[in-house]
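For reference, the chains in residue letters:
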Amino acid sequence: MSSTRISDIQMAYTDTGIGSPIVLIHGYPFNRSLWSEQLTALSNSYRVIAPDLRGFGETDPSAGPATMNRMAQDVAELMDRLQIRQAVIGGLSMGGYVALAFYKQFRSRVRNLILADTRAQADTEEAKQTRAQQAEKALSEGMAGIADAMLPKLLTPDTVSKRPEIVKRVRDMMLKTKPEGAAAALMGMAEREDQTPLLSQISAPTLILVGAEDAITPVADSEKMHRAIPNSRLVVLENAGHVSNLERTEQFNHTLLEFLRAST
Ligand code: MLT
């Protein structure tokens, strides 16, 4: 593991492989180990960087909401430290919110975008209230209740019943998350802006991936992004839910490699 000081926090990250840089940003409430299989598959041909976002994995939490803009600035500062001016920026779910916030603030630093199991629109008022309740629950009870409630929404029923190793891996990632980090990210996600108006201005070639059974950011959200982003490709992965890179690793990696070879 490597780590570096980024403004008020010490940020942990993996940096592996040689070639054009790709930054992969994990979702909530996970950490950079979400991307292990993508790091293995891509690092033969690319330099792959996977940070632990503030409050996740081995990166320090910080006070107040961890906004998507702040997390995007953290990624930009990490790229500065690693002397990377421009990279492919990819994110899954909350990582996709961060990737879009990154594009908005630093578009010249984005070579291509990868948006997996994510959406452009902001939270509804109801979703914001649920985030506030979840943040309180994480702080008062820890992550176990949140993990139990989220699992059936993250994975397909088939994965939940037949692939205990994936269930365990996802659950363990959630249990390792610090409640303060989860709460800060929940408040940050609740505050995030609607990025729908940005979509038509995205000129970077963009790959949109989504699990056909994604119950958190459904296929319709990806279709909306695909219709709005001019140079985008949409791939729907069958038999996958919200964590499509773990449920359909081979297809996910194959799609990524194909896209990267054609566009970098
Ligand atoms: C994620 O997977 O990052 C979150 O479920 C996204 C969200 O809660 O909106």
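The structure this text deals with has already been given above.
Residues numbered from 1 in each chain as written. Predicted model: local features only at pLDDT ≥ 70, side-chain atom pairs only at ≥ 80, totals over all residues. Heavy atoms only, no water.

Considerations on the overall build of the protein chain
Phase 1: When helices and strands are counted, the protein chain shows 12 helices and 8 strands.
Phase 2: In terms of overall size, the protein chain behaves like a compact globule, its C-alpha atoms giving a radius of gyration of 17 Å where 264 residues would be expected to give roughly 18 Å.
Phase 3: Seen through its C-alpha atoms, the protein chain measures out along the principal axes to roughly 45 × 40 × 35 Å.
Phase 4: In the structure as shown, the protein chain presents an accessible area of about 10,600 Å², 50% of it carried by carbon and sulfur atoms. (Helix = DSSP H or I, 4+ residues; strand = E, 2+ residues; numbered from the N terminus. Rg over C-alpha atoms; globule rule 2.2 N^0.38 Å. Areas by Shrake-Rupley, 256 points an atom, 1.4 Å probe, with all protein chains shown as cover.)

Description of the packing of aromatic side chains
Aromatic ring pairs are reported here in terms of the distance separating the ring centres and the angle at which the planes meet.
Phase 1: Scanning the entire structure with this criterion turns up 3 aromatic pairs.
Phase 2: Between Y28 and F56, the aromatic rings sit 6.3 Å apart at their centres with planes inclined by 85°, giving edge-to-face as the arrangement. With a gap of 28 residues between them, Y28 in the loop between strand 3 (21–25) and helix 1 (36–42) and F56 in the loop between strand 4 (47–51) and helix 2 (68–81) connect regions that are remote in the sequence. Both residues of the pair, Y28 and F56, belong to the buried class.
Phase 3: Summarising the aromatic geometry, the rings of F102 and F106 are spaced 5.0 Å apart at their centres and angled 50° between planes, so their arrangement reads as tilted. Placement of both F102 and F106 in helix 3 (residues 94–106) is noted, with a separation of 4 residues, approximately one turn of the helix. (Phe/Tyr/Trp six-rings, centres within 6.5 Å; stacked < 30°, edge-to-face > 60°. Buried < 20%, exposed > 50% of the residue type's maximum accessible area, 1.4 Å probe, protein only.)

Some thoughts on the site of the ligand
Phase 1: Residues in close proximity to the ligand include G27, Y28, S93, M94, Y97, R119, R131, M150, M189, I216 and H242, which together make up its full environment.
Phase 2: Here an oxygen atom of the ligand sits 2.7 Å away from a polar atom, N or O, in the main chain of Y28.
Phase 3: Between an oxygen atom of the ligand and a side-chain N or O atom of R131, the distance comes to 2.8 Å.
Phase 4: Considering the ligand on its own, with 270 Å² of exposed area, one finds that the protein chains cover 95% of that surface. (Near = heavy atom within 4 Å. Polar contact = N/O pair within 3.5 Å; in protein donor to acceptor, adjacent residues only side chain to side chain.)

Side note on the packing of helix 4 (residues 125–141) against helix 8 (residues 179–191)
Phase 1: Relative orientation of the contacting elements helix 4 and helix 8 amounts to 170°, with a least axis distance of 8 Å. By the angle between their axes, helix 4 is roughly antiparallel relative to helix 8. Two secondary-structure elements touch here, helix 4 through K128, R131, A132, Q134, A135, A138 and L139 and helix 8 through P179, E180, A183, L186, M187, M189 and A190.
Phase 2: By residue class, the composition of the contact of helix 4 with helix 8 is 10 nonpolar, 1 polar and 3 charged. (Axes fitted to C-alpha atoms, helices over the stretch in contact; angles between N-to-C directions. Parallel < 35°, antiparallel > 145°, perpendicular 65-115°, else oblique. Contact = heavy atoms within 4.5 Å. Nonpolar A, V, L, I, M, F, W, Y, C, P; charged D, E, K, R; others polar.)

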